[in-house]
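# Structural overview for review
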Amino acid sequence: MATPAEARLDQLPYALLATIMTKLDIASICSLSSTCSTFRSCAKHILSFLPNFHLIDIAPSGDLLTPLLPPNPYMKSLKVDCDRLDDSAISYLVKPSLHELSLFNCSDFSGKLLSEIGTQCKDLRSLYLGSVAEKRGRAIHISDLEELLTGCSQLEVLILMFDVSLFLRQNLARVWASASEKLTSLEIGYISSVTVIELFSSNSGSHQPPNPIQPSILPGILKLCLSVNYITDAMVATISKGLIFLTHLDLRDAPFVEPRITFDLTNTGLQQINQLGRLKHLSLIRSQEFIICYFRRVNDLGLLLMADKCANMESICLGGFCRVTDTGIKTILHSCSRLYKLKVTHGTQLTDLVFHDISATSLTLTHVSLRWCKLLTNHAVHSLTSNRELKVLDLRDCRSLGDEALRAIGELLGLKILLIDGSDITDAGLSYLRPTVINSLYALSLRGCKRLTDKCITILFDDCGKLELRDLDLSNLPNLSDNGVLQLARSRIPFLDLRMRQCPLIGDTSIMALASMMTDDAGWHESGLRLLDLYNCGGITPLAFRWLKKPYFPRLKWLGVTGSVNRDMVDALARSRPFLYVACDGEELGPDPCDMSDGLYTHDYDEVDEFEQWLLEADVNEDDEEMEMDDAENVEELIM
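The rules behind the values
Residues numbered from 1 in each chain as written. Predicted model: local features only at pLDDT ≥ 70, side-chain atom pairs only at ≥ 80, totals over all residues. Heavy atoms only, no water. Helix = DSSP H or I, 4+ residues; strand = E, 2+ residues; numbered from the N terminus. Buried < 20%, exposed > 50% of the residue type's maximum accessible area, 1.4 Å probe, protein only. Contact = heavy atoms within 4.5 Å. Areas by Shrake-Rupley, 256 points an atom, 1.4 Å probe, with all protein chains shown as cover. Patch = residues over 30% accessible without salt bridge, like charges linked within 9 Å, V, L, I, M, F, W, Y side chains within 5 Å. Salt bridge = Lys/Arg side-chain N within 4 Å of Asp/Glu carboxyl O. Phe/Tyr/Trp six-rings, centres within 6.5 Å; stacked < 30°, edge-to-face > 60°. pLDDT = per-residue confidence, 0-100. Core = buried A, V, L, I, M, F, W, Y, C linked by side-chain atoms within 4.5 Å. Axes fitted to C-alpha atoms, helices over the stretch in contact; angles between N-to-C directions. Parallel < 35°, antiparallel > 145°, perpendicular 65-115°, else oblique. Left-handed = near helix turned anticlockwise from the far one by under 90°. Nonpolar A, V, L, I, M, F, W, Y, C, P; charged D, E, K, R; others polar.

This paragraph deals with the overall build of the chain. Assigned secondary structure in the chain consists of 23 helices and 20 strands. The buried share among the 640 residues of the chain stands at 54%. Put simply, of all contacts in the chain between residues at least 6 apart along the chain, 76% involve residues at least 24 apart. Total accessible area on the chain stands at roughly 27600 Å², and carbon and sulfur atoms take up 52% of it.

Given below as structure tokens:
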């Protein structure tokens, strides 16, 4: 017999229900379909003509994904996390109608994925493939890449986030010559600098006399993002001469050994960049992932030579230029009147003088990152904040900053992201954020600010009202305890990401408080946390794992804990919540807020996500549930 709700739904026109459901995302459609037979029937129908299918918050298995992807000639965009899939899923992921295809975590796929996309998706405009064939026993052949590039003749955006150097280098240039002439954006997860030179050399294989400006095999590229082994003079010169319409260049390297001069970037190479003055975005980053390594052959002269052609620059990111001083960076600031984003990491020579006269420029900076610039003090921040339009400020590991820096930051009414890890701020200093800045912030990181205590929670959030804050990092605070987390729970802020790793005084009570937290005064909305990082928190015992099971934290997708506490319980939790990623080896979870700074604070997050419950609803032991509810009442009393 139908329930009263189902009876009322049956009276609604079927077409109206279908129209309403097409406005929802896949997770919401699945959640809605679990409420009654009418919605279930409607969901099954609309999946056959839905234009967009995006499911990247979880990694579904093939058995769960197959019924959600019936034949659909109208589908234009497909985005899926493929961590639980392999080549057997290709038949229902690769659809001829697609214009956009994004497949993440494809480590269990082989090169067949590339060849099938090239064979089936003739109208594809945008393609993202992540981690293809990274599992042992999986391989990609040069013929797979050739079929992809030849078949997708309409491709405009191509992102291959895996090691392209696996291909035979001598054939790579010939294969890429068959790529779509419409290709304007190319990103590669890893490729050797020698291969880049061969790939982008002008008129590959021809015997024509040299010409300073010649078309390359990819003449229409506007945006190029590469991770390489070494950024070299020869590579940047080849790119600059071959890709004459380039507006966005992003190069990152991570050397295993200190590079020799022939395999390094020097002032001469820097002068070759942007010869035609078309670049708007430039990023040159030397990562210290493997060894402590810098661009030791570039100094202020290199930036002076490059600055002559930088009038149109809007974004500049420089990482690892240890010999560049205030003079070099000030040259950029005074030459690039359109600059809105400045990022300098490991700027070991930068001092407060770099921003001394920034108020005299016409710059309107909105994004500034100065990570690991350890000579900067409060005076630099005071000068920098003359740019009142700042929305993103990353001052991580600038250890000389203190409360006076927070006083200056407190004047930035539109600030969305503030990362001030490892600074010398105190609880009292955070009060400068209360009048205005705390109301606009979306992400706040106080990681490693050793002088902070539980009082910082009260100062920031007591009687703060409704806030936009969704991402909070309180990791590595030795004086943060369960009492501080109880205060945080009382604030009722609907956090999405909460990081509290390496806090020795945080224990089971904190997890119980967060699990019981309601995010509105009426007590209707439970914890909406999607990421919770508690790795190496000293007071967590096996008791806490009871609170990490269903029905608590219903939207949790990423969890960081210490595996050595009780490995059996960690494994049991992972089995009971198969769509929860449990990290127990100390790895960082989720994206870096500053890396998402262009769009993080405008992201439209769902209010409700019950997809996990709809897919795999686990029965809760009645005895355990009763005991947990008794504990919940005790914790709620503490919160209230």
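Before going further, it helps to examine a nonpolar patch on the surface. Together, Phe256, Val257 and Phe290 make up an exposed nonpolar region whose accessible area comes to about 320 Å². Its place among the elements puts Val257 in the loop between strand 8 (248-253) and helix 12 (267-272). Assessed through its relative accessible area of 48%, Val257 is described here as partly exposed.

The next thing to look at is the packing of aromatic side chains. For the structure shown, the criterion picks out six aromatic pairs. Taking the centre distance of 4.7 Å and the plane angle of 40° together, the rings of Phe104 and Tyr128 count as tilted. Taken as a pair, Phe104 in strand 3 (residues 100-104) and Tyr128 in strand 4 (residues 126-130) lie far apart in primary sequence, 24 residues in all. For Phe104, a relative accessible area of 26% gives the class partly exposed. Owing to a relative accessible area of 22%, Tyr128 belongs among the partly exposed residues under this scheme. Ring centres of Phe256 and Phe290 lie 4.3 Å apart, and the angle between their planes is 20°; on these two criteria the pair is classed as stacked. Placement of Phe256 in the loop between strand 8 and helix 12 and of Phe290 in the loop between strand 9 (281-286) and helix 13 (300-307) is noted, with a sequence separation of 34 residues between them.

Another point: the pattern of salt bridges. On inspection of all chains with the given rule, the structure shows 19 salt bridges. The closest approach of N and O atoms between Asp253 and Arg286, which form a salt bridge, is 2.7 Å. Taken together, the residues span a long stretch of sequence, with Asp253 in strand 8 and Arg286 in strand 9 at a distance of 33 residues. The pair Asp253 / Arg286 is uniform in exposure class, with both members buried. The salt bridge partner of Glu404 is Arg407, with a shortest N-O separation of 3.1 Å. Separated by three residues within a single helix, Glu404 and Arg407 lie in helix 16 (residues 403-409), roughly one turn from each other. By relative accessible area, Arg407 is classed as partly exposed at 40%. One salt-bridge network, in which partners are shared between bridges, spans Arg447, Asp473, Arg501, Asp533 and Glu588.

Counting all residues, the mean pLDDT for the chain is 86, and 85% of those residues have values of 70 or more. Note on residues 203-214: pLDDT is under 50 here. Beyond four places in sequence and across chains, it has 11 contacts. Confidence drops under a pLDDT of 50 for residues 597-640, and excluding neighbours within four residues, the segment shows 81 contacts in the predicted structure.

Right, let's get into unusual backbone geometry. Between Lys550 and the following residue, Pro551, the backbone shows a cis peptide bond with an omega angle of 5°. Of note, Pro551 is situated in the loop between strand 18 (531-533) and strand 19 (558-560). Although it is not a glycine, Phe553 adopts a positive phi angle of roughly 45°. Among the secondary structure elements, Phe553 is positioned in the loop between strand 18 and strand 19. Relative accessible area serves as the criterion here: at 1%, Phe553 is assigned to the buried category.

To continue, consider helix 19 (residues 482-491). Along helix 19, seven of the 10 residues are buried, which leaves the element largely enclosed by surrounding structure. By the burial criterion, the buried members of helix 19 are Asp482, Gly484, Val485, Leu486, Leu488, Ala489 and Ser491. Residue Arg492 follows helix 19 closely and has a positive phi angle near 60°.

The subject of this paragraph is the nonpolar core. Residues Leu93, Ile117, Trp176, Ile239, Ile409 and Phe461 are the most contacted members of the largest nonpolar core, which totals 181 residues. If we skip the residues at most four places from it in the chain, Trp176 touches Leu145, Leu149, Leu158, Leu160, Leu183, Leu186, Ile188, Leu199, Ile217 and Leu218. Residues Val392, Ile417, Tyr442 and Ala443 belong to the second largest nonpolar core, which totals six residues.

Further remarks concern the packing of helix 7 (residues 112-120) against helix 8 (residues 142-151). At a minimum axis separation of 7 Å, helix 7 and helix 8 run at an interaxial angle of 20°. Overall, the two elements helix 7 and helix 8 adopt an arrangement that is roughly parallel. Where helix 7 crosses over helix 8, the handedness of that crossing is left-handed. Where helix 7 approaches helix 8, its residues Lys112, Leu114, Ser115, Ile117, Gly118 and Thr119 are matched on the opposing element by Asp144, Leu145, Glu147, Leu148 and Gly151. The class makeup of the residues in the contact of helix 7 with helix 8 is four nonpolar, four polar and three charged.

Relative to the elements of secondary structure, Leu270 occurs in helix 12. On the basis of relative accessibility, which here comes to 0%, the residue Leu270 falls in the buried class. Residues Leu270 and Thr232 lie 38 residues apart in sequence; the distance between their C-alpha atoms is 9.4 Å. Excluding anything up to four places from it in sequence, Leu270 contacts Leu265, Leu284, Val298, Gly302, Leu303 and Met306.

In a pair of packed helices, the angle between the axes and the distance between the axes together describe the arrangement. At a minimum axis distance of 9 Å, the contact between helix 10 (residues 193-200) and helix 11 (residues 233-242) shows a crossing angle of 25°. In terms of orientation, helix 10 and helix 11 fall into the roughly parallel class. At the point where helix 10 passes helix 11, the crossing takes the left-handed sense. Here Ser193, Val196, Ile197 and Phe200 of helix 10 lie close against helix 11, whose contacting residues are Ala234, Met235, Thr238, Ile239 and Gly242. Per-class residue counts for the contact of helix 10 with helix 11 are six nonpolar, three polar and no charged.

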